[in-house]
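Per-entry structural report
Residues per chain, in single letters:
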Amino acid sequence: MRAYLYDNLDTDCREPHELQPLSPVSIKELEQSGVLYWQLDLDKDKCKEQVDNICKERNYMNRDEITVSKDGLGDLFDQKIKTFFTEHLHEDEEIRAIIDGSGYFDIRDKQDRWVRIEVQAGDLIVLPAGIYHRFTLDMNNYLRAIRLFKEDPVWTPLNRPCDENPYRKSYLETLVAH
Ligand code: KMT
Ligand code: NI
């Protein structure tokens, strides 16, 4: 995992889009935005044990797997990719353990700047409910992830703007507390 400010250029979103001069964002700064991160073991059994433990600690009851690629999503690929990259929020955490491939989660920081989080196999990230974000593949066009859910796997994206949403308001209150 590596995070940095996004350059906001209008080119292919699958490119790195590193702002120049390079502006890294630390795990601590991500935490201040409510984003949590775990580095998982690449050994399959150890990785599963770690994910199981995190699920127990944080009450994640359900999980499934998604392959974000042309093969994995078939006819839905274009539509899904577009939905993922449309700025949105959820009323629950977005929890992803990357098990293969790579991609980018972009989140809005306190100052409403895009922070790009580059993820690859072994990265587990949690985006808090109410944070504006989006997702894209990188130039390798392939990512496989375990999606974890607190309860039922309902995954409704609410596109920006939805500033009156109660989960959005609660999220903003957690930022004020810092
Ligand atoms: C979402 O809701 O934005 C996603 O599920 C992104 C793809 S999962 C790596
Ligand atoms: Ni999302």
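Numbers given for residues are sequential positions, taken from 1 along each chain in its written order. Labels follow written order: the first chain is A, the first ligand is 1, and so on. The predicted origin of the model limits local features to residues at a pLDDT of at least 70 and limits the giving and counting of side-chain atom pairs to 80 or more, whereas totals for whole chains, interfaces and linings rest on all residues. Hydrogens and waters are ignored; side-chain quantities use all the structure's heavy atoms.

1. Digging into the packing of aromatic side chains
The criterion for an aromatic pair is that two Phe, Tyr or Trp rings (for Trp, the six-membered ring) have centres within 6.5 Å, with stacked assigned to planes under 30 degrees apart, edge-to-face to planes over 60 apart and tilted to the rest. The tally for this structure, following the rule as stated, stands at two aromatic pairs. Ring geometry for phenylalanine 84 against phenylalanine 135: centres 5.9 Å apart, planes inclined by 80 degrees, an arrangement best described as edge-to-face. Of this pair, phenylalanine 84 sits in helix 4 (residues 77-85) while phenylalanine 135 sits in strand 8 (residues 133-137), and the two are 51 residues apart along the sequence. Like phenylalanine 135, phenylalanine 84 is buried. Pairing phenylalanine 105 with phenylalanine 135 gives two aromatic rings, centres 4.8 Å apart and planes at 50 degrees, and the pair type is tilted. Of this pair, phenylalanine 105 sits in strand 5 (residues 94-108) while phenylalanine 135 sits in strand 8; the two residues are 30 residues apart in sequence, bridging distant segments of the chain. Classification of phenylalanine 105 by relative accessible area gives buried; the value is 3%. Three or more aromatic residues joined by ring pairs make a cluster, and in this case those are Phe84, Phe105 and Phe135. Under the DSSP-based scheme used, a helix requires at least four consecutive residues in state H or I and a strand at least two consecutive residues in state E, with every element numbered from the N terminus. Accessibility here uses a 1.4 Å probe with only protein chains present; expressed as a share of the type maximum, an area under 20% marks a residue as buried, one over 50% as exposed, and anything in between as partly exposed.

2. A word on the coordination of the nickel ion (ligand 2)
Binding of the nickel ion (ligand 2) to the protein goes through His88 (NE2), His90 (NE2), Glu94 (OE) and His133 (NE2), at separations of 2.0 to 2.1 Å. Coordination at the nickel ion (ligand 2) is irregular: its four donor atoms span angles of 83 to 171 degrees at the metal. Metal sites are built from N, O and S donor atoms within 2.8 Å, or 3.2 Å for Na, K and Ca, and they leave out water, so they may look incomplete. On the primary sequence, the residues serving as donors to the nickel ion (ligand 2) are separated as H-x1-H-x3-E-x38-H. Sites are called tetrahedral only when four donors show all angles between 85 and 135 degrees, square planar or octahedral only when four or six donors show opposite pairs over 155 degrees and all other angles between 65 and 115, and irregular in any remaining case.

3. Considerations on the pairing of strand 6 (residues 114-120)
Within a regular beta strand, the side chains point alternately toward one face of the sheet and then the other, so they alternate between its two faces. Of all seven residues in strand 6, five are buried, a share of seventy percent or more. Relative to strand 6, strand 1 (residues 2-5) is paired through four bridges, and the arrangement is antiparallel. For arginine 2, the partnering residue across the bridge sits in strand 6 and is glutamate 118. By this definition, two strands are paired if DSSP reports at least two bridges between them.

4. What to know about the UniProt feature "binding site: Ni(2+)" (unreviewed entry) in the protein chain
UniProt positions are given in the numbering used here, feature names are shortened, and annotations may be inferred rather than shown by experiment. On the UniProt side, "binding site: Ni(2+)" (unreviewed entry) is annotated at positions that read His88, His90, Glu94 and His133 here. A maximum C-alpha distance of 11.4 Å among these annotated residues, which run over 46 residues, shows that they cluster at one spot. Residue position: glutamate 94 is located in strand 5. Once residues lying within four places of it in the same chain are set aside, the contact partners of glutamate 94 are His88, Phe105, Ile125, Val126, Leu127, His133 and Trp155. We define a polar contact as two N or O atoms separated by no more than 3.5 Å, with the added condition that, inside protein, one atom must be a possible hydrogen donor and the other a possible acceptor, whereas residues neighbouring each other in sequence contribute only through side-chain atom pairs. Within the structure, the side chain of glutamate 94 is placed 2.6 Å from the side chain of histidine 90, a separation counted as a polar contact. Position of histidine 133 among the secondary structure elements: in strand 8. Residues count as neighbours in contact if any of their non-hydrogen atoms are within 4.5 Å of one another. Residues within four places of histidine 133 in sequence aside, it is in contact with Thr86, Glu87, His88, Leu89, His90, Glu94, Asp106, Ile107, Trp114 and Leu127. Among the polar contacts made by the side chain of histidine 133, one reaches the side chain of histidine 88 at a distance of 2.9 Å.

5. Details of the UniProt feature "binding site: Fe(2+)" (unreviewed entry) in the protein chain
As annotated in UniProt, the feature "binding site: Fe(2+)" (unreviewed entry) corresponds to His88, His90, Glu94 and His133 in the numbering used here. Take histidine 90: its relative accessible area is 5%, and that puts it in the buried class. With sequence-adjacent residues up to four places away left out, histidine 90 is seen in contact with Ala129, Gly130, His133, Trp155, Thr156 and Pro157.

6. Brief notes about helix 2 (residues 44-58)
Relative to the 21 Å expected for 15 residues at 1.5 Å per residue, helix 2 spans 21 Å between its end C-alpha atoms, a close match to the ideal helical length. Those residues of helix 2 that sit buried are Cys47, Val51, Ile54 and Cys55. For helix 2, the buried positions fall inside an angular range of 100 degrees around the axis, keeping them on one side. Pointing more than 90 degrees away from the buried face of helix 2 are the exposed residues Asp45, Glu49, Lys56 and Glu57. To estimate how far a helix should extend, the number of its residues minus one is multiplied by 1.5 Å. Working definition: the arc comes from the directions between the helix axis and the C-beta atoms, pointing outward to the latter.

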